[in-house]
Amino acid sequence: MTIGGHGTDGVERRGLMFVLSSPSGAGKTTLSRMLIDRMPGLRMSVSATTRAMRPGEVDGRDYSFVDKATFGAMVKADQLLEWATVFDNSYGTPRAPVEAALSAGQDVLFDIDWQGTQQLREKARADVVSVFILPPSAADLEKRLHSRAQDSDEVIRKRMSRASHEMSHWAEYDYIVINHDVDEAFAEVQSILKAERLKRERQTGLVGFVRGLQGQLQG
Ligand SMILES: Nc1nc2c(ncn2[C@@H]2O[C@H](COP(=O)(O)OP(=O)(O)O)[C@@H](O)[C@H]2O)c(=O)[nH]1
Ligand SMILES: Nc1ncnc2c1ncn2[C@@H]1O[C@H](COP(=O)(O)OP(=O)(O)O)[C@@H](O)[C@H]1O
C-alpha cells in the first residue's frame with residue numbers, strides 16, 4: 001500500500017496510517033477532531049457503520065451511515081480495508097479514500113477498534129502507527145459517557161462493561177496516552193505524529209536530498 005508525497009520540509013515521504021483506539025468514552029473522537037483541525041497533511045478516514053446516527057452527528061462527516069444490506073455488499077465487493085462488529089453493529093473502513101489520500105502524500109487518521117487495528121497491521125505493518133488512549137479512571141470514563149449525553153443508560157452500561165475487554169488490547173499498540181487533561185493528551189498525540197513523520201525510513205526522498213546537499217558542498 002501507499003505512498004509518495006512530500007513532507008513539510010519538501011523531502012518525499014511515505015504516508016502513514018495513524019490509528020487511535022480506546023474504550024468508548026476515553027476521548028478518541030475529541031482528540032481526532034483536534035488533530036484534523038490542527039495538523040496539516042492529515043485526513044480522517046470516515047468509516048461506514050450500521051449503527052444509528054447520534055444527535056449532532058453528520059452523515060459523511062462522522063460516519064457513512066448505511067443499512068445492513070449495503071454494508072454486506074461493501075464487504076462482498078472488497079470495498080473495505082478492514083471491518084469488525086462492535087456493540088452489535090458493523091463498522092468498516094472504505095478502502096478507496098484511504099488509498100487516494102496516501103497516494104496523494106497525505107497521512108490518514110483512523111478511529112477504529114483493536115480488531116480493525118490488527119487487520120491494518122497485517123496489511124501494512126510498516127505504515128501503521130497506533131496509539132491507545134486510556135481514561136484516568138473508571139469513574140471518569142462513566143462521567144464522560146454521561147456528559148456526552150448521546151446514549152441511553154442501557155447503552156452506557158453496555159459500553160462500560162465492554163471497556164475492560166477493549167482495554168485488554170492496550171499492549172498491542174505502539175504508544176499509550178492517558179487522557180487526564182484533553183490539551184495535554186492532544187499535545188502528546190501530536191508529538192507522536194510529528195516524530196513518526198520524521199522517521200528515517202518514512203523519508204524516502206532523503207537519499208536524493210542528501211546527495212543534493214553533498215553536491216552543493218562539493219560544487
Ligand atoms: N474496526 C473498526 N472499528 C471502528 C470503525 N469505526 C469505528 N470503530 C470503532 O467502533 C467503536 C464504537 O464506535 P462508536 O459507536 O462511534 O462509539 P465511540 O466508542 O463512542 O466512538 C469504537 O471503538 C470505534 O473506534 C471502523 O471502521 N472499523
Ligand atoms: N480529558 C478530558 N476531560 C474531560 N472530558 C473529556 C476529556 N476528553 C474527552 N472528554 C469528553 O468525554 C466525552 C467522550 O469523549 P469522546 O471523544 O466522544 O470519546 P470516544 O470517541 O473515545 O468515545 C465527550 O463528551 C468529551 O467532550
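Another point: the pattern of salt bridges. This structure, assessed with the given rule, holds 13 salt bridges. One salt bridge connects D107 with R13, and the closest N-O pair in it is separated by 3.0 Å. Taken together, the residues span a long stretch of sequence, with D107 in strand 7 (residues 107-111) and R13 in the segment before strand 1 (17-21) at a distance of 94 residues. Just as D107 is buried, R13 falls in that class too. Of the charged contacts, one joins D127 and R14 as a salt bridge, the two residues approaching to 3.1 Å between their closest N and O atoms. Of this pair, D127 sits in the loop between helix 4 (114-124) and strand 8 (128-134) while R14 sits in the segment before strand 1, and the two are 113 residues apart along the sequence. The class of D127 is buried, set by a relative accessible area of 3%. One salt-bridge network, in which partners are shared between bridges, spans R13, D107 and R197.

Before going further, it helps to examine the packing of aromatic side chains. Applying the stated criterion across every chain yields a total of four aromatic pairs. Taking the centre distance of 6.0 Å and the plane angle of 75° together, the rings of F71 and W83 count as edge-to-face. Here W83 lies in strand 5 (residues 80-86) and F71 lies in helix 2 (residues 68-76), a separation of twelve residues in the sequence. For F71, a relative accessible area of 3% puts it in the buried group.

The rules behind the values
- Residues numbered from 1 in each chain as written.
- Chains lettered and ligands numbered in written order.
- Predicted model: local features only at pLDDT ≥ 70, side-chain atom pairs only at ≥ 80, totals over all residues.
- Heavy atoms only, no water.
- Salt bridge = Lys/Arg side-chain N within 4 Å of Asp/Glu carboxyl O.
- Helix = DSSP H or I, 4+ residues; strand = E, 2+ residues; numbered from the N terminus.
- Buried < 20%, exposed > 50% of the residue type's maximum accessible area, 1.4 Å probe, protein only.
- Phe/Tyr/Trp six-rings, centres within 6.5 Å; stacked < 30°, edge-to-face > 60°.

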